[in-house]
Amino acid sequence: MNIVKVGGSAGIDYDAVCADIAALWKAGQKLVLVHGGSGETNRIAEALGHPPRFVTSPSGYTSRFTDRETLEIFEMVYCGKINKGIVERLQKLGVNAVGLSGLDGRIFEGRHKDSVRSVENGKTRVLRGDHTGTVEKVNVELVDLLLNAGYLPVLTPPAASYEGVAINVDGDRAAAALAVAMKADALLLLSNVPGLLRNFPDESSLIASIPAADVERYLEFAQDRMKKKVLGAAEAVAGGVKRVIFGDARAGQPVSAALGGAGTVVS
Ligand code: ADP
């Protein structure tokens, strides 16, 4: 069983990802697909007159400040346009895919963080009204039910808070938590880069392999959102997932290539 997370950055080829997944699925490979949608969400939020606001925490992590309106736009894009677009592609390829968010059946559950610390011009401010959180618990029953009945689950943030409120969570770390909970053999984190680059954006500086015990040391090479992938990889291997691969989803057969060892392999 493998967990495949495909990001939402510009350049990702969803047709290539879905064609590859359909071929693997038909060959009997069990998998769950998790996806993002940040690029499209930013575009649509701009078009709706509610541009995205990113905040950087004192420890250097960047996240989307998610007020209620942003959350609703986020859901429109992630659960609507992107999720149904992927399900439709898979259905056209003869795979019986079912798209759900982490809110559905509380697949992804965690604590709601209402306020976030943001560093702006060297000063730390506290912003309230945030609808974000971190996945702390994965309820796998519904996912297992679907898999055992022959459906391919296609999952996306948001998650459910313990109070049942929708919260924006990081997709890479949600996929890592799912991989641990499902006892997955491998977690694939596919994006629009060849893998973790030693000198981003120099694509020839790909780090081909990282020993599982050292993964947190590699945080120093990751900037902004790539940090969450490295963190997710660390959480997955600490939780017993044998391989995490940062792979390229821009062309070719992204899933097969990553499973074959292309990209950055953490093991
Ligand atoms: P996605 O939404 O596709 O999951 P993210 O935008 O969250 O992807 O993270 C991937 C991005 O991280 C890349 O597009 C790249 O711009 C950035 N990045 C920062 N540092 C690195 C690095 N060292 N190696 C590769 N990518 C990096």
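First things first, this report covers the structure right here in the doc. Just so you know, these numbers come straight off a predicted model, no measurement behind them. For every chain, the first residue of the written sequence is number 1, and numbering continues from 1 onward in sequence order. This being a predicted model, a pLDDT of at least 70 is required before a residue's local features are given, and a value of 80 or more before pairs of side-chain atoms are given or counted; all residues contribute to the totals for chains, interfaces and linings. Here the side-chain values reflect all heavy atoms present in the structure, with hydrogen atoms and water set aside.

## Focus on the packing of aromatic side chains
Any two rings among Phe, Tyr and Trp, with Trp reduced to its six-membered ring, count as a pair given centres within 6.5 Å; such a pair is stacked if its planes are under 30 degrees apart, edge-to-face if over 60, and tilted if neither. Per the counting criterion, the structure on display carries two aromatic pairs. Ring centres of F74 and Y78 lie 3.9 Å apart, and the angle between their planes is 20°; on these two criteria the pair is classed as stacked. Of this pair, F74 and Y78 both sit in helix α3 (residues 68-92), four residues apart, which is roughly one turn of the helix. When the centroid spacing of 5.7 Å and the interplanar angle of 50° are considered together, the rings of Y218 and F221 count as tilted. Note on conventions: DSSP H or I runs of at least 4 residues are helices, E runs of at least 2 residues are strands, and numbering of each starts at the N terminus.

## Let's talk about the pairing of strand β14 (residues 243-248)
Pairing of strand β12 (residues 186-191) with β14, which is carried by six bridges, proceeds in the parallel orientation. Along β14, the bridge assignment pairs A186 with R243. Bridge analysis of β14 against strand β15 (residues 264-266) gives three bridges, and the strand direction is antiparallel. Among the inter-strand pairings, V244 is bridged to a residue of β15, identified as V266. Should DSSP find at least two bridges between two strands, the strands are regarded as paired.

## Things to note about the packing of helix α2 (residues 38-47) against α3
The convention used is that axes are lines fitted to C-alpha atoms, helices contributing only their stretch in contact, and that angles between N-to-C directions extend from 0 to 180 degrees. In contact at an axis separation of 9 Å, α2 and α3 are set at 125° when each is read in the N-to-C sense. Comparing their axes, α3 and α2 come out oblique. Viewed along their axes, α2 and α3 form a crossing whose handedness is right-handed. Side by side, α2 and α3 meet where S38, E40, T41, R43, I44 and A45 of the first sit next to I73, F74, V77, Y78, K81 and I82 of the second. For the contact of α2 with α3, the class distribution of residues is seven nonpolar, two polar and three charged. Small angles under 35 degrees read as roughly parallel and large ones over 145 as roughly antiparallel, with 65 to 115 read as roughly perpendicular and the rest as oblique. By definition, turning the near helix anticlockwise from the far helix through less than a right angle yields a left-handed crossing, and turning it clockwise yields a right-handed one. Contacts: residue pairs with any heavy atoms within 4.5 Å of one another. We call Asp, Glu, Lys and Arg charged. Ala, Val, Leu, Ile, Met, Phe, Trp, Tyr, Cys and Pro are nonpolar, and the rest, Gly among them, are polar.

## Thoughts on the side chain of T62
With respect to the helices and strands, the residue T62 is situated in strand β4 (residues 62-64). In this structure, T62 is in contact with F54, V55, T56, D224 and K228, ignoring residues within four places of it in sequence.

## Here's the deal with the environment of V77
Here V77 lies in helix α3. In sequence terms V77 and N42 are 35 residues apart; their C-alpha atoms lie 9.5 Å from each other. Excluding residues that lie within four positions of it along the chain, V77 makes contacts with G37, E40, T41, I44, I82 and N83.

## A word on the nonpolar core
Among the nonpolar cores identified, the biggest contains 77 residues, and I3, L90 and L187 are the most heavily contacted of them. Apart from the residues lying within four places of it in its own chain, the contact partners of I3 are V32, V34, A175, L178, A179, M182, A184, A186, L187 and L188. As used in this record, nonpolar core signifies buried Ala, Val, Leu, Ile, Met, Phe, Trp, Tyr and Cys residues forming a set joined through side-chain atoms within 4.5 Å. Buried residues are those whose accessible area, probed at 1.4 Å on protein chains only, stays under 20% of the maximum for their type, while exposed residues exceed 50% and partly exposed ones sit between those limits.

## Examining the state of the cysteines
By disulfide we mean two sulfur atoms from cysteines, separated by a distance within 2.5 Å. As enumerated under the stated definition, the model contains zero disulfides in all. Left unpaired, C18 is separated from the closest cysteine sulfur, that of C79, by 17 Å. Since its relative accessible area comes to 1%, C18 is described here as buried. Note on C79: relative accessible area 24%, which makes it partly exposed.

## Quick word on the site of the ligand
Here a residue is near a molecule or strand as soon as one of its heavy atoms is found within 4 Å of it. Around the ligand there are 19 residues in total, and N192, L197, F221, R225 and K229 lie nearest to it. Separating an oxygen atom of the ligand from a side-chain N or O atom of S191 is a distance of 2.8 Å. Under the rule applied, a polar contact is a pair of N or O atoms within 3.5 Å (in protein, one hydrogen donor and one hydrogen acceptor; residues adjacent in sequence only if both atoms are side-chain atoms). Take Q223: an N or O atom from its main chain is 3.0 Å from a nitrogen atom of the ligand. For the accessible areas, the method is Shrake-Rupley and the probe is 1.4 Å, while residue cover comes only from the protein chains on display. Taking 580 Å² as the accessible area of the ligand by itself, protein coverage stands at 91%.

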